[in-house]
Amino acid sequence: MAGMAISFKTLLFFCRIVHRRLIRSPHFQHRSNWGCNSNALHLKIHRVGRAVLPKFFLEDVGFEGFEVLMRYGRKMGVSLMEDKHKGGLNLQEIFGEEKMGSEDIVGFGSFHRSLEHHYFSHCKEIYLVNEAEKNNWQNLPREKYPKPLIFHDGRLAFKPTPLATLAMFIWTPFGLLLFSFRFLVGTTLPYNISIPLLAFSGMRLIQSKPNPTSISPTKKKKPKGLLYVCNHRTLLDPIYLCGAVRKPLTAVTYSLSRLCEMVAPIRTVRLTRNREKDAEMMEKMLTEGDVVVCPEGTTCREPYLLRFSPLFAEVSDEIVPVAIDVQVSMFYGTTASGYKFLDPIFFNMNPSLTYSIKFLEKISSETSINVGMKKSRYEVANHVQRELGKALGFECTNLTRKDKYMILAGNEGIVKDAGINKSSTN
């Protein structure tokens, strides 16, 4: 497509990195049957490319060229390398003899290379674009994407142009030092000292001041703590929420690697995925203090909310929805197919990042299922999801954690006991 500006050399560079990573993995080194390894390697590379590259392609499509292209029916992209290696493609097999005879084929390309294709001799019309015109094109708006971009993987949060990639490699040693500083400050110092120091290091925390009357617990014979229900952007959501309220909270997780549990500066409790046992556990935690839960069960980078698990609606009448958004400058702190213990490292290696936390009005007792109107737990969960979506400007979906991992990693994202195993709640 004429709007694509990522060079072939850049893509080839990242494909080589992916190839080397897969070849060096123990799964492939310990297998003697190269035929099986070759097939598995092909599937791995295909899955990684499908999970990572669409984001960069869509963000680099020119709006003007896309509008022209979408006026037509079936579309096919051809590269010069594909033409040379495959000995040419048979357009009659692709479009059919009827289409070839009707002269309805239209060609798109650039001035400096497109005319080398012999396929253009079959085209009724040819649209050629030069580099100056492409540079003046606008980026394709998100709402114009052929399919919504909800899930994607990979660590890079920027377009991997040669200069940007070089800057990343130059920054990496400084980023590791920055991570060490942020980790030590965040885990050893009190909030009134650590927050200003972290802000000085490039970490911004933007929060709306909670209304004391709206989140104060109701006086009962056996008072419970508040249940903070937030959307899930990164593994550090509960930690930043603790900084926003200036007190420690208990984080309830659906699954978390052992290593992350050991180094977490706050208390974490892992759910068993048994509804009765988990509800009993959460009620017990609420009697001991305030609790934070992310009912999506996994993170989502894009402006979408996944389906909320309704478990939280059964255990508390004191529900405080919290809208969270994160902006990073270089690395994503989440992954579906990579090593999970690296998530906090990559996140804290960002030169600058912004955490936005907005406290919404506490869910009233009339909305809760335990008193009043007797609304179902599903209605309460959907209500909280809608309120968070409105506050953030995000779109609500019915997609789940399982959907994300099946799309990006080909598994259900179950965490094993080993601390550095792949796949997790993020």
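Residues numbered from 1 in each chain as written. Predicted model: local features only at pLDDT ≥ 70, side-chain atom pairs only at ≥ 80, totals over all residues. Heavy atoms only, no water.

- Taking an unreviewed UniProt entry as the reference, the protein is identified by name as Phospholipid/glycerol acyltransferase belonging to Macleaya cordata.
- Its UniProt record gives the protein a comment under Subcellular location (unreviewed entry), which states: "Membrane".
- Of the comments in the UniProt record for the protein, the one headed Sequence similarities (unreviewed entry) reads "Belongs to the GPAT/DAPAT family." (UniProt positions renumbered as here; feature names shortened; annotations may be inferred.)

## Some remarks on the overall build of the protein
And then number 1: If you tally the helices and strands in the protein, you get 17 helices and eleven strands.
And then number 2: Per-residue burial for the protein yields a buried fraction of 43% across its 426 residues.
And then number 3: A fraction of 72% describes how many contacts in the protein between residues 6 or more apart in sequence connect residues 24 or more apart.
And then number 4: Accessible surface computed for the protein: about 23400 Å², of which carbon and sulfur atoms make up 57%. (Helix = DSSP H or I, 4+ residues; strand = E, 2+ residues; numbered from the N terminus. Buried < 20%, exposed > 50% of the residue type's maximum accessible area, 1.4 Å probe, protein only. Contact = heavy atoms within 4.5 Å. Areas by Shrake-Rupley, 256 points an atom, 1.4 Å probe, with all protein chains shown as cover.)

## A word on the sheet that holds strand S7 (residues 291-293)
And then number 1: Reading across the sheet, the seven strands line up as S3-S10-S9-S4-S7-S5-S6 and stay open at both edges, with mixed pairing between neighbours. With one partner strand each, in any of the chains shown, strand S3 (203-207) and strand S6 (267-270) form the two edges of the open sheet. When strand polarity is set aside, the average angle formed by the axes of neighbouring strands in this sheet is 25°.
And then number 2: Pairing between strand S4 (residues 227-230) and strand S9 (residues 319-328): four bridges, direction parallel. Bridge pairing links Tyr228 to Val320 in S9. (Pairing = 2+ DSSP bridges. Axes fitted to C-alpha atoms, helices over the stretch in contact; angles between N-to-C directions.)

## Quick look at the UniProt feature "transmembrane region" (unreviewed entry) in the protein
And then number 1: In this structure's numbering, the residues bearing the UniProt feature "transmembrane region" (unreviewed entry) are residues 163-183.
And then number 2: From the first C-alpha to the last, residues 163-183 spans 29 Å; its make-up is 100% helix and 0% strand.

## Description of a nonpolar patch on the surface
And then number 1: Taken together, the side chains of Leu163, Leu166, Ile170 and Phe174 make up a nonpolar region of the molecular surface, amounting to roughly 460 Å² of accessible area.
And then number 2: In this fold, Leu166 is placed in helix H9 (residues 162-188).
And then number 3: What makes Leu166 partly exposed here is its relative accessible area of 49%. (Patch = residues over 30% accessible without salt bridge, like charges linked within 9 Å, V, L, I, M, F, W, Y side chains within 5 Å. Salt bridge = Lys/Arg side-chain N within 4 Å of Asp/Glu carboxyl O.)

## Digging into unusual backbone geometry
Most peptide bonds are trans, and most residues other than glycine sit at a negative phi.
And then number 1: Residues other than glycine seldom take positive phi values, yet Arg246 does so here, at roughly 60°.
And then number 2: Here Arg246 lies in the loop between helix H12 (237-245) and strand S5 (250-253).
And then number 3: Arg246 gets classed as partly exposed once you look at its relative accessible area, which sits at 45%.

## Some thoughts on the pattern of salt bridges
And then number 1: A full pass over the atoms with the stated rule returns 14 salt bridges.
And then number 2: Taking the shortest distance from any N to any O, the salt bridge between Glu314 and Arg275 comes out at 3.1 Å. Residue Glu314 is located in the loop between strand S8 (304-305) and S9, and its partner Arg275 is located in helix H14 (residues 275-288); the two are separated by 39 residues in the primary sequence.
And then number 3: A relative accessible area of 40% places Arg275 in the partly exposed class.

## Observations concerning the environment of Arg270
And then number 1: The topology assignment puts Arg270 in strand S6.
And then number 2: When its relative accessible area of 22% is taken as the criterion, Arg270 is described as partly exposed.
And then number 3: Sequence spacing of Arg270 and Thr253 is 17 residues, and the spatial spacing of their C-alpha atoms is 5.0 Å.

## Comments concerning the environment of Leu388
And then number 1: Looking at where Leu388 falls in the secondary structure, it is placed in helix H16 (residues 377-392).
And then number 2: Classification of Leu388 as buried rests on a relative accessible area of 0%.
And then number 3: C-alpha separation for the pair Leu388 and Val229, spaced 159 residues apart in sequence, amounts to 9.6 Å.
And then number 4: Non-local contacts of Leu388, meaning those with residues more than four positions away in its chain, are made with Val229, Cys230, Asn231, Leu305, Phe308, Pro321, Val322, Ala323 and Leu360.

## Points about the environment of Thr172
And then number 1: With respect to the helices and strands, Thr172 occurs in helix H9.
And then number 2: The exposure class assigned to Thr172 is partly exposed, which follows from its relative accessible area of 25%.
And then number 3: With 177 residues separating them along the chain, Thr172 and Met349 place their C-alpha atoms 7.6 Å apart.

## As for the nonpolar core
And then number 1: Grouped together as the largest cluster of nonpolar side chains are 27 residues, with contacts concentrated most on Leu227, Val229, Phe312 and Val384.
And then number 2: Ignoring sequence-local partners within four residues, the contact set of Phe312 consists of Leu227, Val229, Met282, Val293, Pro295, Ile319, Ala381 and Val384.
And then number 3: Core analysis: the second largest hydrophobic core is formed by 26 residues, Val185, Leu226, Leu353 and Phe359 among them. (Core = buried A, V, L, I, M, F, W, Y, C linked by side-chain atoms within 4.5 Å.)

## Re the packing of H9 against helix H10 (residues 191-200)
And then number 1: In the contact formed by H9 and H10, the axes pass within 8 Å of each other and the chain directions differ by 160°. Classified by the interaxial angle, the pair formed by H9 and H10 is roughly antiparallel. The interaxial crossing formed by H9 with H10 has left-handed handedness. Mapping the contact onto sequence places Phe181, Arg182 and Val185 in H9 and Ser194, Leu197 and Leu198 in H10.
And then number 2: Of the residues assigned to the contact of H9 with H10, the class counts are four nonpolar, one polar and one charged. (Parallel < 35°, antiparallel > 145°, perpendicular 65-115°, else oblique. Left-handed = near helix turned anticlockwise from the far one by under 90°. Nonpolar A, V, L, I, M, F, W, Y, C, P; charged D, E, K, R; others polar.)

## As for the packing of aromatic side chains
And then number 1: In total, this model carries eight aromatic pairs according to the counting rule given.
And then number 2: Both rings, one in Tyr240 and one in Phe347, keep their centres 6.5 Å apart while their planes meet at 80°; by these two values the pair is edge-to-face. A residue pair is termed long-range when its members are at least 10 positions apart, and Tyr240 in helix H12 and Phe347 in helix H15 (residues 343-348) qualify at 107 residues.
And then number 3: An aromatic cluster of three or more residues is present, and its members are Tyr240, Phe347 and Tyr355. (Phe/Tyr/Trp six-rings, centres within 6.5 Å; stacked < 30°, edge-to-face > 60°.)

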